[in-house]
Every structure is written in structure tokens, then in C-alpha cells.
Amino acid sequence: NTKTKAGAPKVAKGSPREEMTHEPAHECPECGDESFSKLGEDVTEVLDYVPAHFKILRHVRPKHSCRKCETIRQAELPSMPITKGKAASGLLAHIIISKYTDHLPLYRQSEIYARQNIHISRSTMAGWMRQVDDLIVPLSEALAADVLSSNKLHGDDTTVPVLTPGLGKTKTGRLWVYDRGYCGDSQPAALYRYSPDRKGIHPQEHLESYKGTLQADGYAGYNDLYKANKLSGEIKVIEAACWAHVRRKFYEDHENTKSQYSHEILKRIGLLYDVEREIKGRPPDERNALREEKSLLIIDELKVYFDDIQGNVSGKSPLAGAIRYALKRWSALQTFVHDGTVEIDNNIAERAMRPIALRRKNYLFAGSDRGGEVTATFYSLLETCKLNNINSQEYLADVLNRIAIIQ
């Protein structure tokens, strides 16, 4: 086995190459004459990737000498996504998507490429990804501004093991998602953020400029977002609770106890979801009208049922705990009824977290807090591509090509 050190990628001599010749201007920049003799050429090779195979792009820049005044001219080397890097945009996009969409850690990618006689070390790829992250900061900030301008968001978070520098141990970081999902005329988009812990200050900082409805689980760290401003009395963020979380508690109780009470509650919650199936895909005003006509009555009757059975249920039972969980959020559980852009549950955010769960099965940990931030940036772009049915490989390669042109 060949041990590959950090640095330029090593490729086999017989690797296919595609040559692009960049001729200088036809006129001498000094005297304007058009007669030149070729002195030689400079060749710069960068490694690119197209689906199913690698190729080497040869940037050939002939040198010409003016026969009249001997002025030498040569085309400038085209700008690359990574300055002095040996990776073209297609390869960079492929590495990023393989890691964050296909859940292939960099060391596995390195092993896969080695089978094609392309030797790129894990550390080299990690360096490339950090540089790409720096390049796409303006795009990431524009996406964040767009997402936070929405009138409603779905929020969720999950754990990310992160290596503690110098200790050889891992700590538990968090990845947060704010996904606007179905939102009237706006295109779907998702924004991910990383934090080194789960303190409530993080979602408060993430959503500092946000005004609208937030649909999330019962995590207490969101509570300060829902409070009125002490000076103005304004409530910037309206809470929308999740009926899926409520249903899950009664489902677990019924699975364990076969309680008739939990069975009846599940049937009534099911009626709410029947309404949601009926209004799926309709405009917000129609969704709002039908919910107020049908869903509100179901919710009112469910509240009466809770009041009727509480006296017959042990206060220490899981069923009583599930009822208390629902009643504590009763007002927030009705937010969706009066806003046609709000969903009945937070499943949109939970789906946005599934790639993170898959990643945990393939990765041991993120290398650092900085690595967690890079992860959040790439997930934001790639998940938004997926939500809009955009080919993420083509999109990211195109973005990096455009960045290279304007650098």
C-alpha cells in the first residue's frame, strides 16, 4: 500500500486527459503587430471529476514572441475555484456530495479513488472542503437571509459527536435545522446551524432577526423566543406545537397497555390527519377555511374528552403524562388551524434531520467545531437542492465555476 501524504493528488500516468489551449490576443500589446513566433508553452494540470470517471484538464498556454519587437505574450491561467489547488469544480462538488449526501467519509472516498489509481489523501480533501466553505460564505448568507424572511419555520436539532482537540475524546455538539417547508409561493429551503452544545441561547441567536411562526418540539430552549418584548409587548415568534409528538406519546401508551382511553384519543387525532389529507396541496386560504370548519371542532371535542377521563387515570401513569403534555401546549397545538401555511406537525424538520442520522452511522465524529460549521453550510445548500429537485452535483460544480470566473 502506498502511503499518500498531504499535498497535490497523485494520478496514474495513463489517466485520460482533456486539453484546452488558451491563445493570447492576436495583436501585440506593445506595438500592435500581428506576426508572432511560438517560443514554447506552459502547461497547468488540474484534476477534475465527471460522473463515473476522472479526467485531467490540461490548461495549455502557448507563449508567443513578437517578431518585430520581441515582446512575449501569453494568455492568463484561468482562475481556479481553489487558488493553486489541483482540483477542478467537478471533483470538489463530487467529494462534498459523496460525504454529505452519500454519507461517505473522506477516508472511504480516498480508498475508492485509490482503486482507480487516483491517490488523494483524506487531509488534502478536508483542506479543499474548508476552502470551498470559505468561498461559498456569501451564498450561505444569502440562503440564511432568505429562509429567515419566511413567515413560518420548522425547527429541530440532533446530536453530532465532535472530536475534542488534544484529548482524543468526543463531545456532543448539535446540528439545528430551520426548514420553511410548504410556505405559499416561496420555494422550499432549509438552513442548518451548528453549536457546540444544546443551550437555549443558540436557537435564540439563530432566530434573532426572525418574525413569524416557529413549529418545533417541546424543547424549553425555544421558550424565550415566544415571550413578548418587555418594552413593546410585541411577540416576534408565534409557537406552533406538533401533533405528531402528541400522538407518539399516546401511541406508545397504547402499545404498552392496550388502554381504551389512548385508543380513543388516537382515533380522534386520526380525524385531524384525515382533514390534512383532504386539504393537501390546496392554497393556504382553503386550508385555513376547512381547518376552522372541521379541525377546530375535533380539537374542542378532544379537550372535553381529556377533561372527562383525567379523573379516571392515575396521575403517575404514562397516559396522564401524555395528557398533561398535550394540555400544556393546547394553545400552540391550535396555531395550525388559523394559518393555512402552518402544518399540523413538525415532520418536515424531522425529515430534514434524517441525513444527519444516516451520517452518524457512517462517521465516528466530526473533527472539530469548525468541521461542524462546515457541515451545517453544506447541508443547507444540498438539502435545499434536494427540496427543489435540483441536481446537487451540477449545481455545486456550476457555483464553483462561477466563483472561479469572478475571483
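The rules behind each value
- Residues numbered from 1 in each chain as written.
- Predicted model: local features only at pLDDT ≥ 70, side-chain atom pairs only at ≥ 80, totals over all residues.
- Heavy atoms only, no water.
- Axes fitted to C-alpha atoms, helices over the stretch in contact; angles between N-to-C directions.
- Helix = DSSP H or I, 4+ residues; strand = E, 2+ residues; numbered from the N terminus.
- Parallel < 35°, antiparallel > 145°, perpendicular 65-115°, else oblique.
- Contact = heavy atoms within 4.5 Å.
- Nonpolar A, V, L, I, M, F, W, Y, C, P; charged D, E, K, R; others polar.
- Core = buried A, V, L, I, M, F, W, Y, C linked by side-chain atoms within 4.5 Å.
- Buried < 20%, exposed > 50% of the residue type's maximum accessible area, 1.4 Å probe, protein only.
- Salt bridge = Lys/Arg side-chain N within 4 Å of Asp/Glu carboxyl O.

Caption draft 1: A look at the packing of helix α7 (residues 260-279) against helix α8 (residues 284-309). Two numbers describe how α7 lies on α8: the axes approach to 9 Å, and their chain directions differ by 175°. Relative to α8, α7 is oriented roughly antiparallel. In this structure, α7 uses Gln260, Tyr261, Glu264, Ile265, Arg268, Ile269, Leu271, Leu272, Val275, Glu276, Glu278 and Ile279 to contact α8, whose residues at the interface are Arg287, Leu290, Arg291, Lys294, Ser295, Ile298, Ile299, Glu301, Leu302, Tyr305, Phe306 and Ile309. Along the lines of polarity and charge, the residues of the contact of α7 with α8 split into 14 nonpolar, two polar and eight charged.

Caption draft 2: The arrangement of the nonpolar core in detail. Counting residues in hydrophobic clusters, the biggest one holds 64 residues, and the most contacted among them are Leu91, Trp128 and Leu214. Ranked by residues supplied to this core, first place goes to helix α1 (residues 89-100) with seven residues. Counting 33 residues, the second largest nonpolar core, distinct from the first, contains Val313, Leu319, Ala332 and Phe336.

Caption draft 3: Broad picture of the environment of valine 374. For valine 374, the position within the fold is in helix α13 (residues 369-387). The class for valine 374 is buried, based on a relative accessible area of 4%. Counting along the chain gives 241 residues from valine 374 to aspartate 133, while the straight-line C-alpha distance between them is 6.2 Å. Residues contacting valine 374, with those up to four places away along its chain left out, are Tyr100, Met129 and Asp133.

Caption draft 4: Structural view of the environment of valine 342. Here valine 342 shows up in the loop between α10 (330-333) and α11 (347-352). By relative accessible area, which is 1% here, valine 342 ends up buried. Expressed as a C-alpha distance, the spacing of valine 342 and proline 188, which sit 154 residues apart in the sequence, is 13 Å. Not counting residues within four places of it along the chain, the set of residues in contact with valine 342 comprises Lys152, Thr213, Gln215, Ala240, Arg287, Arg291 and Phe336.

Caption draft 5: Region of interest: the pattern of salt bridges. Under the defined criterion, the tally for this structure stands at 26 salt bridges. Its salt-bridge partner being aspartate 42, residue lysine 63 comes within 4.0 Å of it at the nearest N-O pair. Separated by 21 residues along the polypeptide, lysine 63 in strand β4 (residues 53-66) and aspartate 42 in strand β3 (residues 36-50) bring together distant segments of the chain. The exposure class of aspartate 42 is partly exposed, given its relative accessible area of 28%. Among the salt bridges present, the one from lysine 227 reaches aspartate 224, with a minimum N-O distance of 2.9 Å. When its relative accessible area of 53% is taken as the criterion, lysine 227 is described as exposed. By sharing partners, the salt bridges in this structure join Arg17, Glu19, Glu45 and Arg58 into a single network.

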